[in-house]
Amino acid sequence: MAVTRTFSIIKPDATRRNLTGAVTKMLEEAGLRVVASKRIHMSREQAEGFYAVHKERPFFGELVEFMISGPVVVQVLEGEDAVKRNRDVMGATNPKDAAEGTIRKAFAESIEANSVHGSDSEENAAIEIAFFFKPEEIVG
Ligand code: UDP
C-alpha cells in the first residue's frame, strides 16, 4: 500500500473544547503522521470557497457560519492509504451513525458540528491541501 497524503480540519466545535490534542492523538494512533499543521480563523471567502461543492445544499449557509465561528486547525496527514485511513477513524458524518472508536463518535456534537473534516478522495485531497498550504509548509 502506497504512502499518500490527505487533508484534515479540526473544526471550531473541537478547538473550542480544547480537543486539538485529543483529536490529533486519535489520528496518530490510526497510523497517520501530521506533516503540516496550522491554526487559522477562516475568512468567509475561504469557507465558501472550500465548501463550494456544497453551495446548492440546504445546509451550506449554516455550515459556512459554523466554520468561521472560531479557529480551526488545518493539517496535512501522511500514511499508508491516508484518505481511507482518515475517513475510517473520523467516522460517519452524523455522530448518531458513527462507530465506536471513531473521532466523531467520541467528540462530535451534531451532524454539523462534527469535529473533523477529511478529504473523500486523493484527487480532492490534493486540491484541498493546495487550498491551504504552500509546498514548502509540508515537511514529510
Ligand atoms: N453537514 C451538515 N448537514 C448535513 C450534512 C453535512 O451540516 O446534513 C456538514 C457537516 O459539517 C459535514 C459537512 O457538511 O461534515 C460536509 O458534508 P459531507 O456530506 O461532505 O460529509 P463529510 O465528508 O464531512 O463526512
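Given the structure is predicted, the values throughout are model-derived calculations rather than measurements. (Residues numbered from 1 in each chain as written. Predicted model: local features only at pLDDT ≥ 70, side-chain atom pairs only at ≥ 80, totals over all residues. Heavy atoms only, no water.)

A.B. asks: I keep staring at the overall build of the protein and nothing clicks. Help me out?
C.D. replies: A count of helical and extended segments in the protein gives 7 helices and 4 strands. The C-alpha radius of gyration computed for the protein amounts to 14 Å, which stays within 12% of the reference 14 Å derived for 140 residues, consistent with globular compactness. Based on the C-alpha atoms only, the size of the protein along its principal axes is roughly 40 × 35 × 25 Å. The burial tally for the protein puts 47% of its 140 residues in the buried class. When the accessible surface of the protein is totalled, it reaches about 7,400 Å², and 51% of it is carbon and sulfur. (Helix = DSSP H or I, 4+ residues; strand = E, 2+ residues; numbered from the N terminus. Rg over C-alpha atoms; globule rule 2.2 N^0.38 Å. Buried < 20%, exposed > 50% of the residue type's maximum accessible area, 1.4 Å probe, protein only. Areas by Shrake-Rupley, 256 points an atom, 1.4 Å probe, with all protein chains shown as cover.)

A.B. asks: When you look at the packing of aromatic side chains in this model, what are you seeing that I'm missing?
C.D. replies: To describe a pair of aromatic rings, you give the distance between the ring centres and the angle between the ring planes. Tallying each qualifying case throughout the model produces 6 aromatic pairs. Aromatic side chains phenylalanine 7 and phenylalanine 132 sit 5.4 Å apart centroid to centroid with 5° between the ring planes, which places their arrangement in the stacked category. Separated by 125 residues along the polypeptide, phenylalanine 7 in strand β1 (residues 3–10) and phenylalanine 132 in helix α7 (residues 122–132) bring together distant segments of the chain. According to the relative accessible area criterion, phenylalanine 7 is buried, its value standing at 0%. Phenylalanine 132 gets classed as buried once you look at its relative accessible area, which sits at 7%. Aromatic rings pair up to connect Phe7, Phe50, Tyr51, Phe131 and Phe132 into one cluster. (Phe/Tyr/Trp six-rings, centres within 6.5 Å; stacked < 30°, edge-to-face > 60°.)

A.B. asks: I would appreciate a short explanation of the pattern of salt bridges in the present structure.
C.D. replies: When the charged atoms of two side chains with opposite charge come close together, those side chains can pair. This structure, assessed with the given rule, holds 9 salt bridges. Salt-bridge contacts for arginine 44 lead to glutamate 65; the nearest nitrogen and oxygen are separated by 2.8 Å. Of this pair, arginine 44 sits in helix α3 (residues 44–50) while glutamate 65 sits in helix α4 (residues 60–67); the two residues are 21 residues apart in sequence, bridging distant segments of the chain. Accessibility expressed as a relative area gives 35% for arginine 44, which makes it partly exposed. Among the salt bridges present, the one from glutamate 100 reaches lysine 105, with a minimum N-O distance of 3.8 Å. For glutamate 100, a relative accessible area of 69% puts it in the exposed group. Salt bridges linked by common partners bring Asp13, Arg16, Arg17 and Glu109 together as one network. (Salt bridge = Lys/Arg side-chain N within 4 Å of Asp/Glu carboxyl O.)

A.B. asks: Honestly, the site of the ligand in this entry has me stumped. Any pointers?
C.D. replies: Around the ligand sit Lys11, His54, Phe59, Leu63, Arg87, Thr93, Arg104, Ile111, Glu112 and Asn114, and that is every residue in its neighbourhood. Note that an oxygen atom of the ligand is positioned 3.2 Å from one of the side-chain N or O atoms of histidine 54. Interatomic distance of 2.9 Å between a side-chain N/O atom of arginine 87 and an oxygen atom of the ligand. Here the residues of the shell around the ligand sort into 3 nonpolar, 3 polar and 4 charged. (Near = heavy atom within 4 Å. Polar contact = N/O pair within 3.5 Å; in protein donor to acceptor, adjacent residues only side chain to side chain. Nonpolar A, V, L, I, M, F, W, Y, C, P; charged D, E, K, R; others polar.)

A.B. asks: Quick question: what am I supposed to make of the UniProt feature "active site" (unreviewed entry) in the protein here?
C.D. replies: With numbering aligned to this structure, UniProt lists the feature "active site" (unreviewed entry) at His117. Sequence-distant contacts of histidine 117, defined by excluding residues within four places in its chain, comprise Phe7, Ser8, Ile9, Lys11, Phe50, Tyr51, Asn86, Met90 and Glu128. (UniProt positions renumbered as here; feature names shortened; annotations may be inferred. Contact = heavy atoms within 4.5 Å.)

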